[in-house]
Amino acid sequence: MVLLRGEASAPAIVAPEARAASAGPSYAALLDELDRRIGGLQKRADSRPGDWLTRMHLGSALLERAGLTNQVHDFARVEAVLDDAFSMAPAGSGPLLVAARFNFSIHRLGEAEKYLDMMDRRAVARRDEQTSARVLRAEIAVQRGQYEAAFAELTAVAAATPVAATAELALYHAKTGDPAQAEALLEAALQATGPKDPRRRAWMKLQLGVVAMERGDLRLALKHLQEADGELSGWWLVQEHIAEIHNRRDDHARAIEIYEALVRTADLPQHLDALAGLHRHTGESQRAEELIARAAARWEEQLARFPSRPWATRCSTTCIRTAGAGPGAGAGQPRGAPGR
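Since we're looking at a predicted model, the values are computed, not measured.

About the criteria used
Residues numbered from 1 in each chain as written. Predicted model: local features only at pLDDT ≥ 70, side-chain atom pairs only at ≥ 80, totals over all residues. Heavy atoms only, no water. Phe/Tyr/Trp six-rings, centres within 6.5 Å; stacked < 30°, edge-to-face > 60°. Helix = DSSP H or I, 4+ residues; strand = E, 2+ residues; numbered from the N terminus. Buried < 20%, exposed > 50% of the residue type's maximum accessible area, 1.4 Å probe, protein only. Lys NZ or Arg CZ within 6 Å of the ring centre and 35° of its normal.

Examining the packing of aromatic side chains
- Going through the model one piece at a time under the given rule, you end up with five aromatic pairs.
- When the ring of Phe 86 is compared with that of Tyr 115, the centres are 5.3 Å apart and the planes differ by 25°; the resulting orientation is stacked. One end of the pair, Phe 86, is in helix α4 (residues 72–88); the other, Tyr 115, is in helix α6 (residues 109–121), with 29 residues separating them in the sequence.
- Take Phe 86: its relative accessible area is 21%, and that puts it in the partly exposed class.
- According to the relative accessible area criterion, Tyr 115 is buried, its value standing at 13%.
- Between Phe 102 and Phe 306, the aromatic rings sit 6.4 Å apart at their centres with planes inclined by 80°, giving edge-to-face as the arrangement. In this pair, Phe 102 sits in helix α5 (residues 96–105) while Phe 306 sits in the loop between α16 (285–305) and α17 (318–321), placing the two residues 204 residues apart along the sequence.
- These aromatic residues form a ring-pair network of at least three members: Phe 75, Phe 102 and Phe 306.
- Above the ring of Phe 306, the side-chain terminus of Arg 305 is found at 4.5 Å from the ring centroid.

Given below as structure tokens:
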């Protein structure tokens, strides 16, 4: 699922049963910190009209934010900054990796490959950028159903640089029907992630929860999701999964409570649709129709701005991985799951 909203940081939304266990930083605090960094980079860019490198770092930070929030406005800001950077960069250079990751995040796979090809033609490329590019090519292959090629590349990268591809390899196994291997790799990646990176730790535990949900173990899934909330409290992506578990358990009142909070703060069409379905199930058809109408307007807004992006799909992998919550996130390569 995706979140669409303006520039303001989202307030924390925490399920009652998760709040007591929360010990880490909050999603709202994380966005506040990121917004301060973005503000500083924006001021620097404004004072340096010909500096594409500063705009590369600004675009990276904005992509990190977009991957956390999945807001149309945030993705639009990334696109504008990248366009500005390329307008002043020498031919064949510029923020190529950030541009590749941005285009992957909005499902422009051909455009993403174009920028990766430009990276390959550069005389010198940093080793970490080469690794990120290899993983991104493998992720594009997964999106296209080219599983054999994706598996070979992810396996090779994970063997050489585990931190760069272990989690991506886990998601490959989850997608191709091997949840046990996916869980083992996610646990290994989690063990390798220190407590000073709560965003990545929350993302790993979220993925463990998703794997458990997909094989029907809702008790274990809820445990993983509550632990994810303990790492980064109030993250909408965790909360929507908790709501889904309550819905599957026929605890509709608890699911409605969480979705109502998400709708008040995020105004996200997937949440509006989910809440409409719950209200229709409980006999509140008028409220359901109101929510459906609101959701339709949001869908139109999203599709008009970025028609290639599969907004309606759950964002527990791609959107996060484009922006800084997933494995390998950093200033030079913001990620979302937090992308590459």
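Some words on unusual backbone geometry
- A positive phi is found at Asn 70, a non-glycine position, where the angle reads about 60°.
- Inspection of the secondary structure puts Asn 70 in the loop between α3 (52–69) and α4.
- Of note, the phi angle at His 107 is positive, near 70°, even though the residue is not glycine.
- Along the chain, His 107 falls in the loop between α5 and α6.
- We classify His 107 as partly exposed; its relative accessible area is 29%.

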